[in-house]
Amino acid sequence: MRKVTWIYALPLALLLGQVTTAGAEEAVQADTTKAAATKDDEEWLNTVWTQVDDMVKKEDLKLQQTVTVAGVRGAEAEFGACAEKYGLTEKTFSFKGHEIERKRGLVLLSDDELTRRQVSALYLKAHMHREFPNTDLFRRVLASIWHQVSSANEVFAVGVILDNKTVMGGTGWAVELAKNFTLPLWVFDQEKKSWFTWKNGDWHKTADPVISGRRFTGSGTRLLSDDGRKAIRALFERSFGS
């Protein structure tokens, strides 16, 4: 009887062994699949968080970046409007009695702050190669431009570059200050419809620039052309567009 039981028990043990082996293989396969899935999940999460981190850094950079403008109609108002559109800080330097179009981030300069930065007519003529209106209002405008440019890391302007290498109008003073402060400087010439940069004492046609400074000046003519407006908007799109 024991012999018969043993004979039946042997196939049963073999069958159980096969089941156990199959179960072990399935368990190993399940663990492998689970590990692969876990790895995929981790990689996906790392990718997502990297993207989120990049977005946060980009938005933080926008919040830290500041455009300094005068707020008057034309190019400077357009610089300010673009800064607001892309979430940048705007600092509008002006003074009482000066008519401006934009007042976002308004900084009203005191009489003392303006007086200390006024420039003589003789100095202007020597460096700009032309005469400017010798009025109190215009002297105050030029002084406010000093505050606008002196706090910047780089300068972008829109206007017309003249044969004497200066820029037409009051914008020319902002450009001249940028040269004196040795700031990175770009001017979009509305007549030539191209960007130029100042290097080694001369203007050089250049590829479309990108804003990289934390604090930059946006200056330019009141007589903003369609090409000038497009150039400013494209500048911000290249620099801050998604």
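Small disclaimer: the values here were computed from a predicted structure and weren't measured.

About the criteria used
- The residue count restarts for each chain, going from 1 along the sequence in the order it is written.
- The predicted nature of this model means local features are confined to residues of pLDDT at least 70 and side-chain atom pairs, given and counted, to a pLDDT of 80 or more, with totals for whole chains, interfaces and linings taken over all residues.
- Side-chain measures were taken over the full set of non-hydrogen atoms in the model, leaving aside hydrogen atoms and water.
- At least two bridges found by DSSP between two strands are what make those strands a pair.
- Working definition: helices are DSSP H or I runs of at least four residues, strands are E runs of at least two. Numbering for both runs from the N terminus.
- When the strands point away from the viewer and the path from the first strand over the helix to the second turns clockwise, the crossover is right-handed.
- An axis is simply a line fitted to the C-alpha atoms; with a helix, the fit covers only the stretch in contact. Between two such axes, the angle follows the N-to-C directions and lies from 0 to 180 degrees.
- Working rule for angles: under 35 degrees goes down as roughly parallel, over 145 as roughly antiparallel, 65 to 115 as roughly perpendicular, anything else as oblique.
- Handedness of each helix crossing follows the sense of rotation of the near helix against the far helix: counterclockwise by less than a right angle gives left-handed, clockwise gives right-handed.
- Two residues form a contact once any of their heavy atoms are found within 4.5 Å.
- With a 1.4 Å probe rolled over the protein chains alone, any residue whose accessible area is under 20% of its type maximum counts as buried; one over 50% counts as exposed, and the rest are partly exposed.
- By nonpolar core we mean a set of buried residues, namely Ala, Val, Leu, Ile, Met, Phe, Trp, Tyr and Cys, connected to one another through side-chain atoms within 4.5 Å.

## Structural notes on the pairing of strand β2 (residues 89-94)
Strand direction decides the pairing type here: strand β1 (residues 66-69) and β2, joined by four bridges, are parallel. Residue pairing in the sheet places Thr-68 in a bridge with Lys-91 of β2. This β-α-β element, β1 to helix α2 (residues 75-85) to β2, shows right-handed connectivity. Bridge count between β2 and strand β3 (residues 106-108): three bridges; the pairing is parallel.

## Looking at the packing of α2 against helix α7 (residues 226-240)
Contact pair α2 / α7: the axes reach a minimum separation of 10 Å and the direction vectors enclose 25°. As the angle between them shows, α2 and α7 are arranged roughly parallel. The way α2 lies across α7 gives a crossing that is right-handed. For the pair α2 and α7, the contacting residues are Ala-75, Glu-78, Phe-79, Cys-82 and Ala-83 in the first and Arg-229, Ile-232, Arg-233, Leu-235 and Phe-236 in the second.

## Re the environment of Leu-106
Relative to the assigned elements, Leu-106 resides in strand β3. For Leu-106, a relative accessible area of 35% corresponds to the partly exposed category. With 14 residues separating them in the primary sequence, Leu-106 and Thr-92 have C-alpha atoms 4.6 Å apart. Ignoring sequence-local partners within four residues, the contact set of Leu-106 consists of Thr-92, Ser-94 and Ile-100.

## Some words on the environment of Thr-182
Topologically, Thr-182 is positioned in the loop between α6 (171-180) and β5 (185-189). C-alpha separation for the pair Thr-182 and Glu-154, spaced 28 residues apart in sequence, amounts to 9.1 Å.

## Side note on the nonpolar core
Within the largest apolar cluster, 28 residues are counted, with the highest numbers of intra-cluster contacts made by Ile-145, Trp-173, Val-187 and Trp-203. Of all elements in the fold, only α4 (121-128), α5 (136-150), β4 (154-159), α6 and β5 reach the threshold of two or more residues within this core. Examining the composition of this core, we find that six residues originate from one element, α5, more than from any other.

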